[in-house]
Amino acid sequence: MVSLLDIIGPVMVGPSSSHTAGACRIGLLARGLVGGTPQTALIELHGSFARTGEGHGTDKAIVGGLLGFRPDDERLRISLDIMEREGLPYRFEKTTLDEDAHPNTVRLTLERGTDRVSVVGSSLGAGRVKLTQIDGYPVEVSGALHAIVLVAEDRRGSVARIAGILAEDGVNIATLRLTRKERGGDAFMVIECDDPPGDAACAHIRELEWVRWVRCLDRVSG
Amino acid sequence: MYRSMAEAIRDAERSGKTLALVALEAESRDQGRPIADIRSALSRALAVMRGAVGQGLTGDLRSASGLVGGDAAKLRLGPAGPLAGTPFRDVLARALAVQEVNAAMGVIVAAPTAGGAGVLPAVLTGLADAAKLPDERVVDALAAAGLIGAIVAERASLSGAEGGCQAETGAAAGMAAGAATEMLGGSPSQAGHAVALAQQGTLGLVCDPLGGLVELPCVFRNATGAAIALAAIEMALAGITFAIPADEVIDVMGEIGRGMDVRYRETAGGGLAATPTGRRLARERLVQLKRADG
């Protein structure tokens, strides 16, 4: 369903909703996966992001997102200067990902403390984005809803346990996607929620002994 | 939200309401938000639009590549043409202004997109200021524009990569024409004719930016898109009707977009981007950009 405010909006730093606002949102989501501003970043641009990214400020927008700036933040324009001033060793490379990768795609490899994540995200147009891969697991994270991303041992009842914790917290689950690389291997779960999960619920999930890693991502659009 | 202009016009005329009001009511129902809430979000968007108009008219902006910038100020301060001192010239200046701000990584409202963001603020604020209308009227016009844009999104497309520039500045012209016609006292049905009149004038318009950048011709196409909207408003308010209903014009815009060669859909493979000068400028400017970045 189309909303009036999707048409008259978003408020954003130009020039392109896909190459600037969308790129910023991918950076913001990736930042959430390491829980804050990454200390190192390898930013690999694919397709149209590699070809016309500089002219659209795609590089500035992704770095701005990694620094925690939203698409309407005027600091996006000077994010590369801020990155240098902070001494952050972010590197850009041009790459060619899979043939079926969306033309506006970037792979980010980020480190912060002991966290390290590799994430592939695409900007689909009109500012809409999708993370398609996290640490090699196929995922779908749009950033239009709050999301919980976690890696857990592949065991019976895990989904029910986590759904229970969220229900107690008053959080309604909108989508849930579970993937694994092999039977008995780690399971990768992406849970999109209508309401932001509380810190207590996130901590509760983190404390489950069979959960290896969890991040709660704020929505970045809508 | 409505999926057809005909339905929205019928609902508005039966209840004696404006298109803006039926749009606000539909949005309120869909999203479970009070109308006052939606109006205040639109009012914040209007403030950003006015900010971009003001910033662009001062004229000291350059885009990343240096291809565009400074032309809005020429219309404001440069030599007079036959339309000097009219709202027409002012609206053109405002359209260039917003799009120059966009190209220079300033803050704009993507309405309906960033590439077509100049048309709506230029037409609505330019004509409202000329008629000394209060901002509440412009906020309601934004609701009507959103309704028209939502219908175009449903029936056709709002993406240059999908439908060419007819889906970006063309759709923006339709939105601005319908919304401003109502803002200036036209009936819902006159607003519908304004949408059709504007949209028919941009059918087939390709998306062909040099180097794939939202700069050239995008900045100027926002000005010509605004001009088409003004023509449609003038005709609709004079009582001129367009025989093909707005919904059908929008449908055919979508059909033309789907049939459009990929070279003409934001790929820089055809149109102005592929002219000898277009190619040369893109090559030179992109090289320059790399040097500037280090």
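The sections below set out a description of the structure shown in this document. For clarity, every value in this text was computed on a predicted model and none was experimentally measured. (Residues numbered from 1 in each chain as written. Chains lettered and ligands numbered in written order. Predicted model: local features only at pLDDT ≥ 70, side-chain atom pairs only at ≥ 80, totals over all residues.)

So, about the overall build of chain B. A tally of regular secondary structure across chain B gives 13 helices and 1 strand. Of the regular secondary structure in chain B, the N- to C-terminal order runs α-α-α-α-α-β-α-α-α-α-α-α-α-α. Relative to the globule expectation of 19 Å for 294 residues, the C-alpha radius of gyration of chain B, 18 Å, shows essentially globular dimensions. Taken along the three principal axes of its C-alpha coordinates, chain B extends 60 × 40 × 40 Å. Per-residue burial for chain B yields a buried fraction of 60% across its 294 residues. Look at the contacts in chain B between residues 6 or more apart in sequence, and 78% of them connect residues 24 or more apart. (Helix = DSSP H or I, 4+ residues; strand = E, 2+ residues; numbered from the N terminus. Rg over C-alpha atoms; globule rule 2.2 N^0.38 Å. Buried ≥ 20, exposed ≤ 12 C-beta atoms within 10 Å, placed from the backbone. Contact = placed C-beta atoms within 7 Å.)

Tallying secondary structure elements over chain A gives 7 helices and 11 strands in all. Compactness check: chain A gives a C-alpha radius of gyration of 17 Å against a globular reference of 17 Å for 222 residues, within 12% of the reference. Counting only C-alpha atoms, chain A reaches 50 × 40 × 35 Å along its principal axes. Evaluated residue by residue, chain A yields a buried proportion of 50% over its 222 residues. The long-range fraction of contacts in chain A, counting pairs at least 24 apart against all pairs at least 6 apart in sequence, stands at 68%.

Turning next to the sheet that holds strand E6 (residues 128-134) of chain A. The pairing of strands in a sheet happens through backbone hydrogen bonds and is either parallel or antiparallel. Residue and element names in this part refer to chain A. Read across the open sheet, the 6 strands follow the order E3-E2-E4-E5-E6-E7; overall the sheet is mixed. Of all the strands in the sheet, just strand E3 (90-95) and strand E7 (137-141) have a single pairing partner and so form its edges. Between one strand and the next, the sheet's axes are offset by a mean angle of 20°, whatever the strand orientation. Pairing analysis gives 3 bridges linking E6 to E7, with the strands arranged antiparallel. Looking across to E7, one finds that Gln133 is bridged to Pro138. Of the strands in this sheet, strand E4 (104-112), strand E5 (115-125), E6 and E7 are in contact with helix H2 (residues 17-33), which crosses E5 at around 155°. (Pairing = 2+ DSSP bridges. Axes fitted to C-alpha atoms, helices over the stretch in contact; angles between N-to-C directions.)

What follows covers helix H3 (residues 35-58) of chain B. Taking 1.5 Å of rise per residue, the 24 residues of H3 of chain B would be expected to cover 34 Å, and the 35 Å separating its terminal C-alpha atoms lies within 8% of that figure. Positive phi appears at Gly59 of chain B, one or two residues downstream of H3 of chain B, with a value of about 85°. (Expected span 1.5 Å × (residues − 1).)

Let us look at the sheet that holds strand E10 (residues 186-193) of chain A. Residue and element names in this part refer to chain A. Strand order in the open sheet formed by 4 strands is E9-E10-E8-E11, and the pairing between neighbours is antiparallel. With one partner strand each, in any of the chains shown, strand E9 (173-180) and strand E11 (211-217) form the two edges of the open sheet. Across this sheet, the average inter-strand angle for adjacent strands is 10°, counted without regard to direction. Bridge count between E9 and E10: 7 bridges; the pairing is antiparallel. The partner of Ile173 across the bridge, within E10, is Cys193. Each of strand E8 (146-153), E9 and E10 touches helix H6 (residues 158-168); the most contacted strand, E9, lies at about 155° to it.

The subject of this paragraph is the packing of H6 of chain A against helix H7 (residues 199-207) of chain A. Residue and element names in this part refer to chain A. Between H6 and H7, whose axes approach to 9 Å, the crossing angle comes to 160°. Put simply, H6 runs roughly antiparallel to H7. The handedness of the crossing between H6 and H7 is right-handed. On H7, the residues that touch Ile162, Ile165 and Leu166 of H6 are Ala201, His204 and Ile205. Here the contact of H6 with H7 is built from residues that sort into 5 nonpolar, 1 polar and no charged. (Parallel < 35°, antiparallel > 145°, perpendicular 65-115°, else oblique. Left-handed = near helix turned anticlockwise from the far one by under 90°. Nonpolar A, V, L, I, M, F, W, Y, C, P; charged D, E, K, R; others polar.)

Moving on to the interface of chain A and chain B. Counting residues at the interface gives 30 residues for chain A and 46 residues for chain B. Elements with a minimum of two residues in the side of chain A that touches chain B: helix H1 (4-7), strand E1 (11-13) and helix H3 (48-52) of chain A. Looking at the side of chain A that touches chain B residue by residue, the classes come out as 13 nonpolar, 12 polar and 5 charged. Taken together, the 3 bridges between E1 of chain A and strand E1 (residues 107-109) of chain B define a ladder with antiparallel strand orientation. Bridge pairing in E1 of chain B places Val11 of chain A opposite Val109 of chain B.

Now for the packing of helix H9 (residues 169-183) of chain B against helix H10 (residues 188-200) of chain B. Packed helices, taken two at a time, are described by the angle their axes make and the gap between the axes. Residues and elements named next belong to chain B. At a closest axis distance of 8 Å, the pairing of H9 and H10 adopts a crossing angle of 155°. Judged on the interaxial angle alone, H10 and H9 are roughly antiparallel. For the pair H9 and H10, the crossing hand works out as right-handed. Counted together, Gly170, Ala173, Gly174, Ala177, Gly178, Thr181 and Glu182 of H9 and Pro188, Gln190, Ala191, Gly192, Ala194, Val195, Leu197, Ala198 and Gln199 of H10 form the full contact between these two elements. In terms of residue class, the contact of H9 with H10 is built from 8 nonpolar, 7 polar and 1 charged.

With an omega of 10°, the peptide bond between Gly14 of chain A and Pro15 of chain A qualifies as cis. Structurally, Pro15 of chain A can be placed in the loop between E1 and H2. With an omega dihedral of 10°, the bond running from Leu216 of chain B to Pro217 of chain B counts as a cis peptide bond. Mapped onto the secondary structure, Pro217 of chain B falls in the loop between H10 and helix H11 (218-237). The phi dihedral of Met105 of chain B is positive, around 60°, even though this residue is not glycine. Along the polypeptide, Met105 of chain B turns up in the loop between helix H5 (87-103) and E1. The exposure class of Met105 of chain B is buried, given the 22 C-beta atoms found within 10 Å. Of note in this structure, Ala268 of chain B is not a glycine but carries a positive phi near 60°. Relative to the helices and strands, Ala268 of chain B is located in the loop between helix H12 (246-259) and helix H13 (276-293).

Here we take up the environment of Glu182 of chain B. All names here are of chain B. Inspection of the secondary structure assignment puts Glu182 in helix H9. Note on Glu182: 27 C-beta atoms within 10 Å, which makes it buried. Put simply, Glu182 and Gly126 are 56 residues apart on the chain and 15 Å apart in space, counted from C-alpha to C-alpha.

Function-wise, these values are silent; they only describe arrangement.
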